[in-house]
Each structure stands twice: as C-alpha cells, then as structure tokens.
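Here's the letter readout for the chains.
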Amino acid sequence: LDVAGFGDRWRFRDGAGRVTAVTAHGPVRSSNALALKSCALADLGIVVQARWIIGRELRSGALVDVFPDHEVTAATGDVGFDGAAAWLVHPSRAYVPLKVQRFADYLQRAFALGPPGDRGDA
C-alpha cells in the first residue's frame with residue numbers, strides 16, 4: 001500500500017490556531033481511505049481520516065482520537081482542517097451540467113452541520 005509522498009505531511013492546528021507540520025513515517029502508506037481505516041482497526045498504526053469515514057468506530061471505541069486537542073489534516077493545497085473534505089470529479093470545469101451542480105449543492109448542504117459520522121447518523 002505504498003504511495004510515495006501521498007499524505008506524508010501531516011498538519012496539526014491547536015486551539016490557538018498555531019499550525020505545526022510533521023512528516024509521517026511508517027511501513028504502510030495508502031491513498032485509499034478504507035484501506036487506511038482497516039489498517040488502523042488492525043492496530044497497524046495511526047492514520048489521518050475524515051471523521052465521516054471513522055465516526056462509528058470513534059463512537060464505539062474501536063478507534064480513538066489520539067490528538068483530541070488538535071485538528072489534523074494530511075490534505076494539501078487549499079483544503080483545510082474541516083475533516084470533511086470531498087472532491088466531486090466531472091469531465092469539464094468549463095461546462096458543469098445542471099444536475100452535477102445540483103448534486104454538488106446537495107452535498108454542501110448535507111455536510112453543512114458537520115460530517116455525518118460526527119452527528120450519529122452515519
């Protein structure tokens with residue numbers, strides 16, 4: 001599951017807004033969220049995951065937030081610390097079909113109150 005350079009730079013933001021970046025090292029790296037979740041559940045190490053992916057496991061105690069006083073992200077670019085980043089892939093930026101735009105609007109509304117995994121409805 002080795003994907004060189006993918007998600008190996010983790011950024012931590014504390015309650016005061018200070019950001020610290022570290023380079024993560026380990027025997028397993030993956031760009032697949034479900035594979036990473038399985039690795040964490042198998043006690044292979046810690047992972048950075050969106051709460052909507054691991055919400056149930058956090059609530060049940062199967063997984064534990066090891067940095068509860070920090071927001072953490074492995075995302076790059078302008079994706080922040082919201083824990084609910086998602087990408088909608090479609091063929092063209094020049095023309096976005098109305099049904100695709102409506103779906104994107106729906107997703108924004110659905111996640112406006114936070115990730116479904118944090119709301120107890122995932």
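In this numbering scheme, every chain counts its residues from 1 along its sequence in written order. Only residues with pLDDT of at least 70 are given local features in this predicted model, and only at 80 or more are side-chain atom pairs given and counted; all residues enter the totals for whole chains, interfaces and linings. Derived side-chain values reflect all non-hydrogen atoms in the structure, with water molecules and hydrogen atoms excluded from consideration.

(A) How the structure looks around the overall build of the protein. Here a strand is any run of E in DSSP of at least two residues, a helix any run of H or I of at least four, and the numbering for each starts at the N terminus. The secondary structure content of the protein amounts to three helices and three strands. Traced from its N-terminal end to its C-terminal end, the protein shows the element sequence β-β-α-α-β-α. The buried share of the protein, taken over its 122 residues, is 21%. Once local pairs closer than 6 in sequence are excluded, the contacts in the protein between residues at least 24 apart make up 52%. Note on exposure labels: buried denotes an accessible area under 20% of the residue type's maximum, exposed denotes more than 50%, and partly exposed covers the range between, all computed with a 1.4 Å probe on protein chains only. Contacts between residues were defined by any pair of non-hydrogen atoms, one from each residue, lying within 4.5 Å.

(B) Representation of a nonpolar patch on the surface in the model. On the surface, a cluster of nonpolar side chains totalling about 370 Å² of accessible area is made up of Ile46, Val64, Val66 and Phe67. Mapped onto the fold, Val64 is located in the loop between helix 2 (51–60) and strand 3 (71–73). Judged by its relative accessible area of 63%, Val64 is exposed. Patches here: salt-bridge-free residues with over 30% relative accessible area, like charges joined within 9 Å, nonpolar side chains (Val, Leu, Ile, Met, Phe, Trp, Tyr) joined within 5 Å. In this description, accessible areas are obtained by the Shrake-Rupley approach with a 1.4 Å probe, and a residue is regarded as covered only by the protein chains that are shown. The working definition used for a salt bridge is a side-chain nitrogen of Lys or Arg within 4 Å of a carboxyl oxygen of Asp or Glu.

(C) Geometry of the packing of aromatic side chains. Only the six-membered ring of Trp is used, alongside the rings of Phe and Tyr, when aromatic pairs are assigned; centres must lie within 6.5 Å, and planes under 30 degrees apart are stacked while those over 60 apart are edge-to-face, with the rest tilted. Within this structure, the stated rule accounts for two aromatic pairs. Taking the centre distance of 4.8 Å and the plane angle of 70° together, the rings of Phe12 and Phe67 count as edge-to-face. Residue Phe12 is located in strand 1 (residues 9–13), and its partner Phe67 is located in the loop between helix 2 and strand 3; the two are separated by 55 residues in the primary sequence. Centre to centre, the rings of Phe103 and Tyr106 are 6.3 Å apart; their planes meet at 25°, and the pair counts as stacked. Separated by three residues within a single helix, Phe103 and Tyr106 lie in helix 3 (residues 98–110), roughly one turn from each other. The exposure class of Phe103 is partly exposed, given its relative accessible area of 42%. Exposure remark for Tyr106: the relative accessible area of 46% places this residue in the partly exposed category.

Just distances and angles here, no functional claims.
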